[in-house]
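# Survey of secondary and tertiary structure
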Amino acid sequence: MSTTSPFPTGTVLGYPRIGRRRELKRAVESFWKGGIDLAELERVSAELRAATRDRLASLGLDPVGSAIPESFSYYDQVLDAAVTVGATPARFAYLEDAVGKVDLPGYFTIARGEDEHLPVEMTKWFDTNYHYSVPEIGPETNFHLASDRIVRQFEEGKAQGYLTRPVIVGPVTFLLLSKPSESAPAGFRPISRLADLLPVYTELLGRLKDAGAEWVQLDEPGLVSESIDEERSVVLDAAAVAYQALGSAINRPQLFVAAPYAALDDALPVLAASPVEAIGLDLVRGDVPAAVPGLETKTLVGGVVDGHNVWRGDLGVAFEKLEALSKLSPSIAVASSTSLQHVPHDVNDEPNLSDRLKSWLAFAEQKVGQIATLARGLEAGRASIGDELNASATALADRLSAPGVKDNTVRARTSALTESDFSRGDYDARVAAQASALNLPDLPTTTIGSFPQTGDIRKARAAFVKGDITQEQYNEFLRDEIRNVVDLQEDIGLDVLVHGEPERNDMVQYFAENFDGFDVTANGWVQSYGTRATRPSLLWGDVSRPAPFTVEWSAFTQSLTEKPVKGMLTGPVTILAWSFVRDDQPLEETANQVALALRDEIADLEAAGIGIIQVDEPALRELLPLKVADQPEYLKWSVDSFRLATAGAADATQIHTHLCYSEFGVVIDAIRALDADVTSIEAARSKMDVVHDIKASGFDHGIGPGVYDIHSPRVPSVDEISELITTALGEIPASQVWINPDCGLKTRGYDETAASLRNILEATRAARV
């Protein structure tokens, strides 16, 4: 293979793909509902891709030097790779055409399920809040080049006048993130199919080369993670085999292997010894490495601009890292540390943030500008960007000294904490006190918290924000919504009720709006999965709670029913994980500040007569560091922050927590250490795989393995739910088991929600007999 062009001096690993106003979400969901046809969906998507290319070029990325990544996805990049290589689960074989290709509607069906066909699982993408679709691989998987969409999108950019860089999940990470198919024999490992998969990647690379691609980006974050369920030696051997084979292909573009989210460590020598031309290093999460044989022949792409957080950062420090990197190779480039899909589009699109706060921030567009600046410095010398480096240092100094960043009252409270503040009473005594206070039946039923956020709710919220209705009018609307939710739950027969959370636009933003130390964005959308996007809040200062804010709604709900009502709070780890958190102090300190604010809210809920309080921690597994050596410290402070929030509760107050989309076996000891009275977890889509970990661990607190996958529009049948309940009861004593959906019902419609909950109750009543 002959070299065709140098690697671009500045680039990003990926870019937000949902659109500045979530145009992709709206188009895809309209297509699902029949509002637009496939041609219109394709047109809107092509316009988004074209606008992204134009914008990145205008921000300083080379339009014809492979600097612009072709990283668009209709739903998920791992699902893209699966349909590209023909990895269609057997239950969806009917979606394939005569040559094994799955069209775009079929692609969505694999992600969302259809009739009796369950969708593929979702779980967290490394330590981010992004969820990927889990491929299912077995000995029977027929790998073949089943989709040329990545080639066509490159050609689309070329026709627009851009020579872009196609991006695809690398073969090693693809297989490491896969699960064995249903028909795979015991002990089968997807990574064992690497030799069968590589010819498909080789063929794809050849197709891209023939189309004119000069560089291709292969994303291999699996190489940096020590949390993947595979022996490290197997991972390193797979990387050596894969990149020797792909690098030796005769007809291919130049290969850029990107490894975001942590340091490559022992995988770096493997890539250095391979024939790949460029290696991406995350220098935000990792340090500039020591010299390794072979690195001097590679282009080293320094990820010095944080793609995972929104702070402006110190460009002077970033440039120093690039200067250090230049000692390892004469060819270096600057990039984002990760894809920018994890941050919003544009700080200047935030009319409600103060100019001072905005001066501390860098969203995707600003990060591209930072990369262009640093690239100019690499080409022309540090002095050429002196003004920009000075401006960065000034903004950082202002941020660290601004009012509210440090609150002496808050810091005095965290400094005064003692061991007793993190410990609740004896569990057996709590069980007895709660049994007497609550008088619940066997296999108690409940939901996770939220009920559907209808169009009427969104309209009322918007009218209130615009000032079209008064606070009291809005409150009365919310009370009516809560009455309806309570009536529905009573009619269905649930044992523990919730108020449905109509007043909450988001489970973290609602708390950010009521805590000091936060700000919220107007347009800061970030993709969570598929068409789902959130607006992470900005945690910039010390955190405290000025006044109670959930108590009114919980107390009102309890006044409507004789059944117990759960107070609903979001836990400290999840508030941190789903916000953009200040990076100027340890996360432990920030988590404890949030925990104390929640502890105050719990005390007020108890005083208002709320006997069950749920403190959601779905992100507990998400923040687990990818390096094993860093995990004990994280697990200690994350567990301690939950215990700090809840340890003040009385024995008779039942504390619940909720976790979802995680490999629970990895953190089962931490879940036990939370010491929640009841833990509800995602389990339906994985068909109760988690209960084996629960049994093996000796977990003895209340547990609610989910029986309804709320991330699919399917309504599970009574028989399907009964089978899940039977599986759970086969591993866990009935005295511990609760029955509930996987997660909150916010994204579902009322018809499917009511039908699913009725089926849950019917299955539960049968199981009680």
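Quick caveat: nothing in here was measured; it's all calculated off a predicted structure.

Calculation rules
Residues numbered from 1 in each chain as written. Predicted model: local features only at pLDDT ≥ 70, side-chain atom pairs only at ≥ 80, totals over all residues. Heavy atoms only, no water. Pairing = 2+ DSSP bridges. Helix = DSSP H or I, 4+ residues; strand = E, 2+ residues; numbered from the N terminus. Axes fitted to C-alpha atoms, helices over the stretch in contact; angles between N-to-C directions. Buried < 20%, exposed > 50% of the residue type's maximum accessible area, 1.4 Å probe, protein only. Polar contact = N/O pair within 3.5 Å; in protein donor to acceptor, adjacent residues only side chain to side chain. Contact = heavy atoms within 4.5 Å. UniProt positions renumbered as here; feature names shortened; annotations may be inferred.

## Let's talk about the sheet that holds strand 21 (residues 678-681)
- One open sheet holds the 5 strands; their spatial order is 17-19-20-21-22, and the pairing between them is parallel. Edge positions in the open sheet fall to strand 17 (566-570) and strand 22 (702-705), since each of these has one partner strand only. Neighbour to neighbour, the strand axes of the sheet diverge by 20° on average, direction disregarded.
- Note that strand 19 (residues 612-616) and strand 20 (residues 654-659) share 3 bridges and pair parallel. Residue pairing in the sheet places Q614 in a bridge with H656 of strand 20.

## Digging into unusual backbone geometry
- The phi dihedral of D115 falls on the positive side, at around 55°, and the residue is not glycine.
- Tracing the backbone through its elements, the reader meets D115 in the loop between helix 4 (104-112) and strand 3 (122-124).
- We classify D115 as exposed; its relative accessible area is 58%.
- You will see that D675, though not glycine, has its phi angle at about 65°, which is positive.
- For D675, the location among the structural elements is in the loop between helix 23 (668-674) and strand 21.
- The class of D675 is buried, set by a relative accessible area of 15%.

## Section: the side chain of Q217
- Counting through the fold element by element, Q217 comes out in strand 8 (residues 215-219).
- Within the structure, the side chain of Q217 is placed 2.8 Å from the side chain of R165, a separation counted as a polar contact.
- Contacts of Q217, omitting those with residues within four sequence positions, involve V12, L13, R165, P166, V167, I168, F256 and A258.

## Description of the UniProt feature "domain: Cobalamin-independent methionine synthase MetE N-terminal" (unreviewed entry) in the chain
- Within the UniProt annotation, "domain: Cobalamin-independent methionine synthase MetE N-terminal" (unreviewed entry) is assigned to residues 11-327.
- Counted over residues 11-327, helix gives 37% and strand 13%. Its end C-alpha atoms are 20 Å apart.

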